[in-house]
Amino acid sequence: MCGIVGYCGRLNAQDVVLNGLEKLEYRGYDSAGISVLDNNILKTKKRAGRLENLEDALKDDPFTGNIGIGHTRWATHGIPNEINAHPHLNSDGTISVIHNGIIENYGELKDELLSKGYTFKSETDTEVIAHLLDFYYKDNFFDAVTNTVKRLKGAYALVMLCQKEPDTLIAVRHESPLIMGVSKENGCILASDIPSVLEYTRDVIYLDNDEMVVANLDGYKIYDKDLKEINKKSEKVEWDLEAASKEGFDHFMIKEIFDQPKAIEDAIKNKMKDDEINLELGSFTKEELENINRIYVVACGTAYHAGQVGKFAIEHFTKIPVMTDIASEFRYNSPFIDDKTLLILVSQSGETADTLAALREGKKHGAKVLSVTNVVGSSIARESDKTLYCYAGPEISVASTKAYTTQLIALYFLALDFAKKLGKISDDEVKNVINELKALPEKIASMLKDLTPYQEIANEIKEAKSIFYLGRGVDFISAKEGALKLKETTYIHTESFPAGELKHGSIALIEEGTNVFSIATQSKLIEKTASNTQELASRGAHVYSIGRVGDKSLEKYSNKVIYVPESLDILMPVLTVIPEQLIAYYTSLAKGNDVDKPRNLAKSVTVE
Ligand code: G6P
């Protein structure tokens, strides 16, 4: 998803902006561009493809100046090329704008501007903003921005420059992420995410919806939606840029897979105090819980799979039924929400547009909202009644790994906390589950010692056209996550099925050599899954089973068995996903793909 960086300070703006954009590469993009006020002239350069293309182009003709903006674009309106790349300019190239989000009424605005004689170069929604700024500019850029913003519908984080006011940068945020790093020495840096500013400052201001920043070399002012100047305190970012670097691994994905034992340990530590569950501000009181009669878990992508395991866990420990929904569906499904509803949202980034919209839909109808997220200060965290953090550390690779397993940990703790407060579980049982949770990091570490089996499987399946994943109960959720991970990183078509459902149609697709991953870790269901898998093996499928250590029953119908250490059935998804992640990683490498930035995908999807 698009990344934006704006800089105003004593340093060289081109350097700060490019450096900031590099830190946002993980979000996914297909073109890049920059504008700098260079000796009072607005200069702009854009390139399709990687940021290096832009950096190369600037080598021969660098921009000098202290105020600049830059953008990495993830195409929504118009193909990824140089013309559609940001920044977008007004007709005489004196106003420049970068944008993250979508302007929903851009068609209408474009018609209006065309009728006024404006001409358009690009196919983007953003170009209307540059022309609107031009239209409203009389002699004051601030007024031009406020009048323009009033006309926009949709989501936007904007940073804008105007050659006629060459000492000013203006930014505004509405429904798209925007933070500002501030430093006395280095000035201010506006960015879509914190890693862009950390090299220059640890003091960050989280901008709220409809706030506007006006910055110049002497400092900055922040205005609220009524254009009243406001004072906002900065917060210190405690984590290190180091934590967002590869630390000797070839890729972020494999580094983040290896981060999991430590991340899970941190996730557990942060949910306990004096050997007891303590979610602090991340849960509800007994009375509040007793007042809840309906629970929804809502999320997107991998976070949705974590939410589905969460459903199993909450139902298992509390015996309260839980419904799950995909966020983009939930918001339009008119679910039954009232003040007795608990809405649990799961989101690594805390910025996913559909999940945020589901949150607001829930709040509008009076629901209590609890979020499980990895990013402190994210929109979802700030708008929720309660927030439970994952403590995974920054996750850079687009394919989510450690965020998933730490989301699972958060949801297990939530389920235990609810069950304990509602008297549905004994102290001994809680202790037992916590001991099993605490044993997970070591079990994962043991699975990361020998990577050869995963590399071998990767070589065996890399040419496959289609791969099936199946499982029953919570194993089906692991099957879904395994299928998604492989699909995201390898572009191989994958599908997941509840094992018993396959014979109601999809078995027609099984032929000699079709690859199937069969997940069979749930003690009561192993035999059932085994017999479904046997049906496939007898039709020529090539079966990889993922099962518990010592379960020899899988061998008779599998070409290969990947054994994962034993744990409680409900906790098995934390272990099952490790081989799935590794197989996805190595198969992507075997195919020569860009594993950390798979095609067409974005880390943080901030548009609907
Ligand atoms: C994108 C990412 C996925 C992620 C999903 C939800 O599609 O590529 O990896 O699971 O968004 O993101 P969230 O930040 O809300 O967990």
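Residues numbered from 1 in each chain as written. Predicted model: local features only at pLDDT ≥ 70, side-chain atom pairs only at ≥ 80, totals over all residues. Heavy atoms only, no water.

Participant: Please give an account of the sheet that holds strand β12 (residues 212-216) that cites residues and values.
Facilitator: If you trace the seven strands from one edge of the open sheet to the other, you get β5-β6-β7-β8-β12-β13-β14, paired in antiparallel fashion. A single partner strand is all that each edge strand has here, and the edge strands are β5 (88-89) and β14 (229-230). Relative to strand β8 (residues 169-174), strand β7 (residues 154-162) is paired through five bridges, and the arrangement is antiparallel. Directly across from leucine 158, in β8, lies its bridge partner valine 172. (Pairing = 2+ DSSP bridges. Helix = DSSP H or I, 4+ residues; strand = E, 2+ residues; numbered from the N terminus.)

Participant: So, the state of the cysteines: which residues are in play, and what are the values?
Facilitator: On inspection of all chains with the given rule, the structure shows zero disulfides. Lacking any disulfide linkage, cysteine 8 is separated from the closest cysteine sulfur, that of cysteine 188, by 5.2 Å. With no disulfide of its own, cysteine 162 lies closest to cysteine 8 among cysteine sulfurs, the gap being 14 Å. (Disulfide = S-S within 2.5 Å.)

Participant: Report on the side chain of threonine 148, specifying residues and quantitative values.
Facilitator: When you line up the elements, threonine 148 lands in helix α5 (residues 141-151). In terms of polar contacts, threonine 148 uses its side chain to reach the backbone carbonyl oxygen of alanine 144, at 2.7 Å. (Polar contact = N/O pair within 3.5 Å; in protein donor to acceptor, adjacent residues only side chain to side chain.)

Participant: Provide a residue-level description of the sheet that holds strand β18 (residues 294-299), including the pertinent values.
Facilitator: Taking strand neighbours across the sheet as the criterion, the five strands line up as β19-β18-β20-β21-β22 in an open arrangement whose pairing is parallel. Because the sheet does not close on itself, it has two edges, and the strands there are β19 (322-326) and β22 (386-389). Geometrically, the sheet is characterised by an average inter-axis angle of 20° between neighbouring strands, direction not taken into account. For β18 and β19, the ladder comprises five bridges, and the chain directions are parallel. Paired with valine 297 across the bridge in β19 is threonine 324. Its contacts with the sheet place helix α9 (residues 301-318) against β18, β19 and β20 (341-347), and it is angled at close to 175° to β19. Docked against the sheet, helix α11 (residues 353-364) engages β18, β20 and β21 (368-373), running at close to 165° with respect to β20. (Axes fitted to C-alpha atoms, helices over the stretch in contact; angles between N-to-C directions. Contact = heavy atoms within 4.5 Å.)

Participant: Residue-level account of the packing of helix α15 (residues 452-461) against helix α18 (residues 572-590), with values.
Facilitator: Where α15 meets α18, the axes come as close as 8 Å, and the angle between the chain directions of the two elements is 55°. What the angle tells us is that α15 and α18 run oblique. α15 and α18 meet at a crossing whose hand is right-handed. Here Tyr454, Gln455, Ile457, Ala458, Asn459 and Ile461 of α15 come into contact with α18, specifically with Pro579, Leu582, Ile583, Tyr586, Thr587 and Ala590. Of the residues that constitute the contact of α15 with α18, the class distribution is nine nonpolar, three polar and no charged. (Parallel < 35°, antiparallel > 145°, perpendicular 65-115°, else oblique. Left-handed = near helix turned anticlockwise from the far one by under 90°. Nonpolar A, V, L, I, M, F, W, Y, C, P; charged D, E, K, R; others polar.)

Limitation: the analysis is restricted to geometry and does not speak to function.
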